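Summary of the model geometry
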Amino acid sequence: MYRSNDYIHRSAKIYGSTTIGANCKVMENVTLGYPQHDILQRIIDEEREIENFDFPGCQIGEEAFIRAGTTIFSNVSTGRMFKTGHNAMVREKTTIADNVLVGTNVIIDGNVTIGNNVSIQGNAYIPTHVTIEDNVFIGPCAVLSNDRYPVRGEYVPEGPILRKGASIGANATLVPGVEIGEGAMVAAGALVTKDVPAWKLAIGCPAQIKDLPDIMQCINKI
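Residues numbered from 1 in each chain as written. Predicted model: local features only at pLDDT ≥ 70, side-chain atom pairs only at ≥ 80, totals over all residues. Heavy atoms only, no water.

**With respect to the overall build of the protein**
Summing up its helical and strand segments, the protein has one helix and 28 strands in all. Relative to the 2.2 N^0.38 estimate, which gives 17 Å for 222 residues, the radius of gyration of the protein is 18 Å and therefore close to what a compact globule would have. Its C-alpha atoms give the protein principal-axis dimensions of about 55 × 45 × 20 Å. In the protein, the 19 positive side-chain charges and the 24 negative ones have mean positions that sit 6 Å from each other. (Helix = DSSP H or I, 4+ residues; strand = E, 2+ residues; numbered from the N terminus. Rg over C-alpha atoms; globule rule 2.2 N^0.38 Å. Lys, Arg positive; Asp, Glu negative; His and termini not counted. Charge placed at Lys NZ, Arg CZ, Asp CG, Glu CD.)

So, in structure tokens, the structure goes:
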């Protein structure tokens with residue numbers, strides 16, 4: 001696990017069967033492979049120590065840079081060149097492809113699929129059951145939601161789908177189940193309550209669908 005081109009700070013905690021690819025940097029107080037709830041409950045019930053319990057950890061691809069305070073749960077896998085800001089959290093059953101940034105204080109709440117070349121900026125919230133395709137940009141403080149009637153009925157999670165090259169502006173909110181089409185853009189502060197077609201602009205509260213200016217008719221360069 002530890003090679004000459006790696007850097008793993010002595011305060012980092014690495015649990016379960018976690019694997020770390022070559023040339024990775026793992027900074028202060030990072031936790032890798034933290035047990036998801038069902039595993040943690042077994043550890044508690046059996047009065048065991050986390051460090052001595054056999055369970056799936058996480059898999060970190062080559063050339064990752066994981067900044068201080070980040071927690072990545074068990075059953076998470078990342079591709080090459082994965083990067084985080086400080087205090088990011090990625091929960092279980094999340095799959096992340098290559099060249100993905102998860103910014104400072106971002107929460108990815110599990111059961112999420114993220115493609116290649118994705119940038120998720122600081123303080124964004126990604127709930128369960130979200131799909132994020134390649135070349136997507138999610139601005140700071142954006143909020144995606146997955147529960148249409150929170151604590152008012154049966155919980156049936158339905159996260160948004162962000163298609164290839166979509167952009168979500170700062171402080172935008174996406175309601176459960178909406179699809180943001182390929183190359184579409186959601187303006188800062190928009191409240192998106194319906195699907196956004198490919199290569200269109202959603203702007204306002206609630207968002208209205210407008211034509212995307214010609215200058216923005218290109219895939220994100222991430």
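**Re the pattern of salt bridges**
Per the stated rule, a full pass over the model turns up nine salt bridges. Measuring nitrogen to oxygen at the nearest pair gives 3.2 Å for the salt bridge that ties E46 to R48. With relative accessibility at 38%, the residue R48 sits in the partly exposed group. Here E62 and R80 are joined by a salt bridge, their closest N and O atoms 3.9 Å apart. A residue pair is termed long-range when its members are at least 10 positions apart, and E62 in the loop between strand 6 (59-60) and strand 7 (65-66) and R80 in the loop between strand 9 (76-78) and strand 10 (83-84) qualify at 18 residues. (Salt bridge = Lys/Arg side-chain N within 4 Å of Asp/Glu carboxyl O. Buried < 20%, exposed > 50% of the residue type's maximum accessible area, 1.4 Å probe, protein only.)

**A few points about unusual backbone geometry**
Put simply, C205 and P206 share a cis peptide bond, and its omega is -5°. Mapped onto the elements, P206 comes out in the loop between strand 27 (200-203) and strand 28 (208-211). The backbone of N99 sits at a positive phi, close to 55°, despite the residue not being glycine. Inspection of the secondary structure assignment puts N99 in the loop between strand 12 (94-96) and strand 13 (100-102). For N99, a relative accessible area of 23% puts it in the partly exposed group. Phi is positive for N135, which is not a glycine, with a value near 60°.

**Some points on the nonpolar core**
Membership of the largest hydrophobic core comes to 48 residues, with the highest contact counts inside it found for I132, I138 and I180. With sequence-adjacent residues up to four places away left out, I138 is seen in contact with S119, I120, Q121, A124, I126, I132, L162 and I168. With six residues, the next largest nonpolar core counts I39, I43, F53 and F55 among its residues. (Core = buried A, V, L, I, M, F, W, Y, C linked by side-chain atoms within 4.5 Å. Contact = heavy atoms within 4.5 Å.)

**Brief notes about the pairing of strand 27**
When strand 25 (residues 185-186) meets strand 27, the two strands line up parallel, connected through two bridges. Along strand 27, the bridge assignment pairs V186 with A202. When strand 27 meets strand 28, the two strands line up antiparallel, connected through four bridges. By the bridge assignment for strand 28, A202 is matched with I209. Between strand 27 and strand 28, which pair antiparallel and follow one another directly, the connecting turn spans four residues, one of which, G204, has a positive phi of 105°. (Pairing = 2+ DSSP bridges.)

**Some remarks on the environment of V118**
Secondary-structure assignment places V118 in strand 16 (residues 118-120). The exposure class of V118 is buried, given its relative accessible area of 0%. Non-local contacts of V118, meaning those with residues more than four positions away in its chain, are made with N99, V100, L101, I132, E133, N135, V136 and I222.

**Notes on the side chain of T128**
Within the element layout of this structure, T128 appears in the loop between strand 17 (125-126) and strand 18 (130-132). Apart from the residues within four sequence positions on either side, T128 is in contact with D109, G110, N111, V112, N146, Y155, P157 and G159.

**A short note on the packing of aromatic side chains**
Under the defined criterion, the tally for this structure stands at three aromatic pairs. Measuring from ring centre to ring centre gives 6.2 Å for Y15 and Y34, while their planes differ by 70°; the resulting arrangement is edge-to-face. Of the two residues, Y15 sits in the loop between strand 2 (13-14) and strand 3 (19-20) while Y34 sits in strand 5 (residues 31-34), which places them 19 residues apart along the sequence. Residue class for Y15 comes out buried when judged on its relative accessible area of 10%. (Phe/Tyr/Trp six-rings, centres within 6.5 Å; stacked < 30°, edge-to-face > 60°.)

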